[in-house]
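Single-letter residue listing:
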Amino acid sequence: MDTKIGSLDTCRPTSNDMINPTNGAVAAIQSSVSPTIINASESTLGRHLARRLVQIGVNDVFSVPGDFNLTLLDHLIAEPELNLVGCCNELNAGYAADGYARSRGVGACVVTFTVGGLSVLNAIAGAYSENLPVICIVGGPNSNDYGTNRILHHTIGLPDFSQELACFSTVTCFQAVVNNLEDAHELIDTAISTALKESKPVYISVSCNLSAIPHPTFSREPVPFSLTPKLSNKLGLEAAVEAAAEFLNKAVKPVLVGGPKLRSAHAGEAFVELADASGYALAIMPSAKGLVPEHHPHFIGTYWGAVSTAFCAEIVESADAYLFAGPIFNDYSSVGYSLLLKKEKAIIVQPDRVVIANGPAFGCILMKDFLSALAKRLKCNTTAYDNYHRIFVPEGQPLRGAPKEPLRVNVLFEHIQKMLSSETAVIAETGDSWFNCQKLKLPRGCGYEFQMQYGSIGWSVGATLGYAQAVPEKRVISFIGDGSFQVTAQDVSTMLRCGQKTIIFLINNGGYTIEVEIHDGPYNVIKNWNYTGLVDAIHNGEGKCWTAKVFCEEDLVEAIETATGSKKDSLCFIEVIAHKDDTSKELLEWGSRVSAANSRPPNPQ
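Only a predicted model underlies this, so the values are computations on that prediction, with no experimental measurement involved.

### Structural notes on the environment of Asp-352
Structurally, Asp-352 can be placed in the loop between strand S13 (346-350) and strand S14 (353-356). Taking the relative accessible area as the measure of exposure, Asp-352 reaches 36% and is therefore partly exposed. Ignoring anything within four residues of it in the chain, the contact list for Asp-352 reads Lys-230, Phe-362, Gly-363, Cys-364 and Ile-365. Only 3.4 Å separates the side chain of Asp-352 from the side chain of Lys-230, close enough to count as a polar contact.

In structure tokens:
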């Protein structure tokens, strides 16, 4: 069956699967559909784009105004089901669209030509690396200026408007330059469809003089389009499942490991189905945290080489067979290429490909189809989990501190664990928060996001804004280092304007701690700010905001009680003062290994 994009009136998306159809051509429009004819004032390019965004599940667009996109913004605002969220800068608007897409399945941002486009580019690159469908819309030059050899403002001063397009071509899966009305409808629909099919960002440039002009192609409400899903090659699927079942069924202690591409493959449920049927020990790669339920009875933690959850790496690396579903093996996830895995023991399942050991390989197979079919062919084998259960020793509690003793980070996260529930979501910034948050045990329904592949410091401020906007029923809890916060702090103001009730824990330890543990130097020390004072200034009496500065455990307990009690409807900003060397043992280990990988000498010529 075709996967349908929800119509404007009747079909609000309820899950990522509905608004992230798999690859394929746009299906024929069904003859039974009779879309409403709309009046000329609304049959414009801008309103069509607005209606399409709403139709695919985007109700909030993150924007920064500029002269080339102002008319377009007027038409987006005119759409009653679309909310325009003005951000402080384009980078944060892109990060917010990234965070929104993680929850809703698709996000969108609007900026102005080149000066805005190149500012948002870094965030779009991050979304590309994380396989997130983000619609990046740029207000472009007047259509009459194309091909005229004129020099425009907001450009680098050359009579060539292609610089922005060239930059976006490497970090988006489709680029549409809409500079005439005749093919605008087709270009916009193709771009949006491609983003959903490929689960990657797309770029749409709309000439500034076209947004307000009616055109016959926009004279009706957008017909809900259907996207033909990818289909697995049936014979290839059967062969791959047979080969994988034979490989795993003869293993003594096989394990399963989930990777980050489970999201873009929409294979999370199929992976859990496989885990249920097989009885195998179940682990996740760090960047897949939150994609697999940690309350699963055979869950053993995060597999991250030398910095894995206690006893997890030993079980995975000692297995005689392991199936990795959607992995990304980079220098960060492999802890400086130090994983003790053997190719001949591994089945690697990617969104549309399966490789068993050193071969054979099978293409044109959807991950979710393969995992579901394999679940029906495996013998139940709990050996690896039984071994884990046999050797497991519960983690100890942090040493109790003396009264008013400076707060240690491990004590902080002991208290954070108690805050988590199905009504919360965790955002972890690049840095030591990666490692501390990775150790949190997520209750059923608790969201979790971080950006591991791209690892851009400052990502979490915008992502928190976008994620919280997408799921107002959850309370987002963000962990941000002081160095990262200084990159993107401004959009705390946008959180306040939107009435968000996020809790931000600002870890103030005086610098770029993650960089310190890879390679230290004076450049890793930053100017200390009065962070609570800054947020109070941003608040400026508008909206609900509460700040606190925490020095010891007693302060922390009081702050958490207030944030979750009398200030539960406010944005709460809690600055935690920590020693500059108070880092997780995992960061110390990881940093030394990544440093060793970065400093390898050149190979002999």
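More follows now that the structure is in view.
### So, helix H4 (residues 90-104)
Taking 1.5 Å of rise per residue, the 15 residues of H4 would be expected to cover 21 Å, and the 20 Å separating its terminal C-alpha atoms lies within 8% of that figure. The element H4 is largely enclosed, with a buried count of 13 among its 15 residues. Of the residues that open H4, the one with a side-chain oxygen 3.3 Å from the backbone nitrogen of Leu-91 is Asn-89. Positive phi shows up at Gly-105, right after H4, with a value of about 95°.

### Comments concerning the UniProt feature "binding site: Mg(2+)" (unreviewed entry) in the protein
According to UniProt, the feature "binding site: Mg(2+)" (unreviewed entry) maps to Asp-482, Asn-509 and Gly-511 in the numbering used here. For this annotated set, covering 30 residues, all C-alpha atoms fall within 7.0 Å of each other, a compact arrangement in space. The residue Asn-509 is located in the loop between strand S19 (503-508) and helix H18 (513-518) in this model. One can find Gly-511 in the loop between S19 and H18. Those residues in contact with Gly-511 that lie beyond four places of it in its chain are Asp-482, Gly-483, Asn-524 and Ile-526.

### With respect to unusual backbone geometry
Residue Pro-360 is reached from Gly-359 by a cis peptide bond, and omega for that bond is 10°. Phi at Asn-149 is positive, roughly 70°, even though this residue is not glycine. Tracing the chain through its elements places Asn-149 in the loop between strand S5 (134-140) and helix H6 (163-168). Look at Asn-149 and you get exposed, because its relative accessible area is 60%. With a phi angle near 55°, Val-335 is a residue other than glycine that sits in the positive phi range. Take Val-335: it is sitting in the loop between strand S12 (322-325) and S13.

How each quantity is defined
- Residues numbered from 1 in each chain as written.
- Predicted model: local features only at pLDDT ≥ 70, side-chain atom pairs only at ≥ 80, totals over all residues.
- Heavy atoms only, no water.
- Helix = DSSP H or I, 4+ residues; strand = E, 2+ residues; numbered from the N terminus.
- Buried < 20%, exposed > 50% of the residue type's maximum accessible area, 1.4 Å probe, protein only.
- Contact = heavy atoms within 4.5 Å.
- Polar contact = N/O pair within 3.5 Å; in protein donor to acceptor, adjacent residues only side chain to side chain.
- Expected span 1.5 Å × (residues − 1).
- UniProt positions renumbered as here; feature names shortened; annotations may be inferred.

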